[in-house]
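Results of the structural survey
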Amino acid sequence: MIPNQGKVLVDFYADWCGPCKAMSPTLDAFQRVSDIPLVKVNVDQERGLAMKYDVRGIPCFIYIEDGVAKSRATGTQSLQQLKNLTN
């Protein structure tokens, strides 16, 4: 579930997605250096949520603040790109 209050970075992914798997170390590093929670959403299990946020490719990262999508990026991202996405 994506919270309606506060800040969150949502990672839309699928278990079969190679680039999604490759993001794992970067996402671990993001969690170590950021106070913004990371929420992982499996697009195969949460199709309605993926449709709600217009996810057309994965991995897709959406920064949400108080329930409003503020920024997004699709494809593999560096740690710095994730940090920039959440600023």
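Keep in mind that this is a model prediction, so the values were computed, not measured.

1. Here we look at the overall build of the protein
From N to C terminus, the protein includes 4 helices and 4 strands. From first element to last, N terminus to C terminus, the protein shows the α and β order β-α-α-β-α-β-β-α. A globule of 87 residues ought to have a C-alpha radius of gyration of about 12 Å, and the protein, at 12 Å, matches this closely. Taken over the C-alpha atoms alone, the protein extends approximately 30 × 30 × 15 Å along its principal axes. Considering the protein as a whole, with its 87 residues, one finds that 41% of them fall into the buried category. The contacts of the protein with a sequence gap of at least 6 include a subset with a gap of at least 24, amounting to 66%. The protein carries 10 positive and 9 negative side-chain charges, and their two centres are separated by 3 Å.

2. Some points on the state of the cysteines
According to the stated counting rule, one finds 1 disulfide in the structure shown. The disulfide partner of cysteine 17 is cysteine 20, and the gap between their sulfur atoms is 2.5 Å. Of note, the bridge from cysteine 17 to cysteine 20 carries an S-S torsion of about 75° and is right-handed in sense. Taking relative accessible area as the criterion, cysteine 17 reaches 4% and is therefore assigned buried. Residue cysteine 60 stays outside any disulfide, its sulfur separated by 9.8 Å from that of cysteine 20, the closest cysteine.

3. Section: the side chain of asparagine 42
In this fold, asparagine 42 is placed in strand 2 (residues 38–42). Among the polar contacts made by the side chain of asparagine 42, one reaches the main-chain amide nitrogen of aspartate 44 at a distance of 2.8 Å. Non-local contacts of asparagine 42, meaning those with residues more than four positions away in its chain, are made with Tyr13, Ala14 and Asp15.

4. Overview of the sheet that holds strand 3 (residues 60–65)
Strand order in this open sheet of 4 strands is 2-1-3-4, and the pairing throughout is mixed. Every other strand in the sheet has two partners, leaving strand 2 and strand 4 (68–74) as the edge strands with one partner each. Adjacent strand axes in the sheet meet at a mean angle of 25° when their direction is disregarded. Against the sheet, helix 2 (residues 24–33) makes contact with strand 1 (7–13), strand 2 and strand 3, and its axis sits at roughly 150° relative to strand 2, the strand it touches most.

Basis of the calculations
Residues numbered from 1 in each chain as written. Predicted model: local features only at pLDDT ≥ 70, side-chain atom pairs only at ≥ 80, totals over all residues. Heavy atoms only, no water. Helix = DSSP H or I, 4+ residues; strand = E, 2+ residues; numbered from the N terminus. Rg over C-alpha atoms; globule rule 2.2 N^0.38 Å. Buried < 20%, exposed > 50% of the residue type's maximum accessible area, 1.4 Å probe, protein only. Contact = heavy atoms within 4.5 Å. Lys, Arg positive; Asp, Glu negative; His and termini not counted. Charge placed at Lys NZ, Arg CZ, Asp CG, Glu CD. Disulfide = S-S within 2.5 Å. Polar contact = N/O pair within 3.5 Å; in protein donor to acceptor, adjacent residues only side chain to side chain. Pairing = 2+ DSSP bridges. Axes fitted to C-alpha atoms, helices over the stretch in contact; angles between N-to-C directions.

Structural measurements only, silent on function.
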